[in-house]
Amino acid sequence: AADIPCSAYRSSWSNPRIEWKFQKGSSLVLFYYGGELTEPYKNRVQFSPTVIHFTTVTREDTGKYICEVVGDGQIAKSEVNLIVQGAVLATTAPRSP
């Protein structure tokens, strides 16, 4: 699981519009806009104005997450780099008697 904060959010702004984008290399994906999460985030991300919560993350989620908030004639933006490292599982074979 991972929480990514949106430090650009201003509670004092009236009815702000919030968008989340994911950037990996030259690819930029808009995954939260118009009050909706897009696929494939819909089933594993929970949205609140101040944070997005990933219930599961994979190495594919490594990249830059950009939160953009528009309200009261202003635009604020915050960015977070997420690095997902793979877990190494060590297993041991049972010993023979």
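Reading guide: rules and limits
Residues numbered from 1 in each chain as written. Predicted model: local features only at pLDDT ≥ 70, side-chain atom pairs only at ≥ 80, totals over all residues. Heavy atoms only, no water. Pairing = 2+ DSSP bridges. Helix = DSSP H or I, 4+ residues; strand = E, 2+ residues; numbered from the N terminus. Contact = heavy atoms within 4.5 Å. Salt bridge = Lys/Arg side-chain N within 4 Å of Asp/Glu carboxyl O. Buried < 20%, exposed > 50% of the residue type's maximum accessible area, 1.4 Å probe, protein only. Phe/Tyr/Trp six-rings, centres within 6.5 Å; stacked < 30°, edge-to-face > 60°.

An unreviewed UniProt entry annotates the chain as JAM1 protein of Chauna torquata.

Engineer: Sorry, what's going on with the sheet that holds strand β7 (residues 63–71) here?
Structural biologist: Pairing between the strands of a sheet comes from backbone hydrogen bonds, and it takes one of two forms, parallel or antiparallel. Here five strands make up an open sheet; going across it, the order is β4-β3-β2-β7-β8 and the pairing antiparallel. The strands lining the two open edges of the sheet, one partner per strand, are β4 (36–37) and β8 (74–82). Examined bridge by bridge, strand β2 (residues 17–24) and β7 share seven bridges and lie antiparallel to one another. Each residue of the ladder has a partner; that of Gln 23, found in β7, is Lys 64.

Engineer: Please explain the environment of Arg 17 as it appears in this structure.
Structural biologist: Following the sequence through the fold, Arg 17 ends up in strand β2. Along the primary structure Arg 17 and Val 70 are separated by 53 residues, whereas in three dimensions their C-alpha atoms are 5.1 Å apart. Apart from residues lying up to four places away in sequence, Arg 17 is in contact with Glu 68, Val 69 and Val 70.

Engineer: Can you walk me through the pairing of strand β5 (residues 45–48) in this structure?
Structural biologist: Every regular strand shows the same layout, with side chains that alternate between the two sheet faces. Two strands pair when backbone bridges link them, and β5 and strand β6 (residues 51–54) are joined in this way by four bridges, in the antiparallel orientation. From the neighbouring strand, Val 45 faces β6, where its bridge partner is Phe 54. Linking two consecutive strands that pair antiparallel, namely β5 and β6, is a turn of two residues.

Engineer: It is not clear to me how the pattern of salt bridges should be interpreted in this structure. Could you clarify?
Structural biologist: Pairs can form between side chains of opposite charge once their charged atoms are near each other. Counted by the stated rule, this structure contains four salt bridges. Between Glu 68 and Lys 21 there is a salt bridge, with the nearest N and O atoms lying 3.5 Å from each other. Separated by 47 residues along the polypeptide, Glu 68 in strand β7 and Lys 21 in strand β2 bring together distant segments of the chain. Accessibility expressed as a relative area gives 17% for Glu 68, which makes it buried. Under the relative-accessibility criterion, Lys 21 is labelled buried at 16%.

Engineer: Help me understand the packing of aromatic side chains, please; the structure alone is not making it clear to me.
Structural biologist: In this description, an aromatic ring pair is defined by two values, namely the gap between the centres and the angle between the planes. Enumeration according to the criterion identifies seven aromatic pairs in this entry. Between the aromatic rings of Tyr 32 and Phe 47, the centroid separation amounts to 3.9 Å while the plane-to-plane angle is 10°, which identifies the pairing as stacked. One end of the pair, Tyr 32, is in strand β3 (residues 27–33); the other, Phe 47, is in strand β5, and 15 residues separate them in sequence. Assessed through its relative accessible area of 29%, Phe 47 is described here as partly exposed. With 5.6 Å between their ring centres and 75° between their planes, Phe 54 and Tyr 65 make a pair best called edge-to-face. Here Phe 54, found in strand β6, pairs with Tyr 65, found in strand β7; they are 11 residues apart in sequence, far enough to count as distant. Ring-pair connections join several aromatic residues into one group, and the members of that group are Trp 20, Phe 22, Phe 31, Tyr 41, Phe 54 and Tyr 65.

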